[in-house]
Structure formats: C-alpha cells, structure tokens
Amino acid sequence: QVQLVESGGGLAQPGGSLRLSCAASGFTFSMYAMGWYRQAPGKECELVAEISTDGGTTSYADSVKGRFTISRDNAKNTVYLQMNSLKPEDTAVYYCNAGVVMFRLCTQNGGYWGQGTQVTVSS
C-alpha cells in the first residue's frame, strides 16, 4: 500500500521557520522525483519545490527561492522542506508528491500524493 505522510506543519510567526517532512512507503522511493506543492485559500495548487531521484538537482518557485530548501534521504524514504523567513503568503496546505515529472499545477500531476499538512504564518 502506497503512503505519503506529511508532518511538521503548524503555526509560525512571520520571519520564522518550519520543517516539513514526508515519509514514503509502499514503493521504491529512490526511483521517484519528489515535489512539494501548496494550495492557498482561493488559489490553485502549485509546485513549490522539486528534487531529483538522487537529490542532485533541485528547483524552486520564484516566490520561495532563497527561503525554502528541499532535500531527501533515500535511506529513510523521506523528503523534507525547510522553510525559513516565512511570510503570511506562505500560508497554505502543503502536499508532497512522488512522480516521474513534476508539473507546475497539482491537477497536471499523477503519481502519489500525501494528505497534506497545514502551514499558517501569522502574528
């Protein structure tokens, strides 16, 4: 049974940090690219960051570049998203995805999805 379980969300103050984790099981994690997506209220679900199978290549949405870092540990079947310098506009439900290719919008993507974790940035 394939599972992706996100954790680490919560409430943070502007300028603060959170670290999201996504634990995978039921498939060969190291053979899949991984992505973090987010959906803010009233907005489309879109790609935030992605990482290649071996972790050697990463890319980020312009809105988070320089503040967020994606990484993975294939020995632990886990992908992470370190979020620093958080802004209120980062408030969203964050999802991890395992797939062959990461498209910009959630609706374009297949693969496997987690259930999401809420991140709220507010003072």
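Note: the structure precedes this text.
Residues numbered from 1 in each chain as written. Predicted model: local features only at pLDDT ≥ 70, side-chain atom pairs only at ≥ 80, totals over all residues. Heavy atoms only, no water.

A. Representation of a nonpolar patch on the surface within the structure. A grouping of V100, V101 and F103 is seen on the molecular surface, where their side chains present a nonpolar patch of about 310 Å² in accessible area. The class for F103 is partly exposed, based on a relative accessible area of 41%. (Patch = residues over 30% accessible without salt bridge, like charges linked within 9 Å, V, L, I, M, F, W, Y side chains within 5 Å. Areas by Shrake-Rupley, 256 points an atom, 1.4 Å probe, with all protein chains shown as cover. Salt bridge = Lys/Arg side-chain N within 4 Å of Asp/Glu carboxyl O. Buried < 20%, exposed > 50% of the residue type's maximum accessible area, 1.4 Å probe, protein only.)

B. Broad picture of the nonpolar core. Counting 27 residues, the largest nonpolar core has W36, L81, M83 and Y94 as the members making the most contacts within it. Within the second largest apolar cluster, 6 residues are counted, among which are A33, C45, M102 and C106. (Core = buried A, V, L, I, M, F, W, Y, C linked by side-chain atoms within 4.5 Å.)

C. Just the pairing of strand β9 (residues 92–99), in detail. Of all 8 residues that make up β9, 6 are buried, and the element is covered over most of its length. Relative to strand β11 (residues 117–121), β9 runs antiparallel, the two sharing 3 bridges. Pairing of A92 across the sheet is with V119, part of β11. Pairing of β9 with strand β10 (residues 112–113), which is carried by 2 bridges, proceeds in the antiparallel orientation. Along β10, the bridge assignment pairs N97 with W113. (Helix = DSSP H or I, 4+ residues; strand = E, 2+ residues; numbered from the N terminus. Pairing = 2+ DSSP bridges.)

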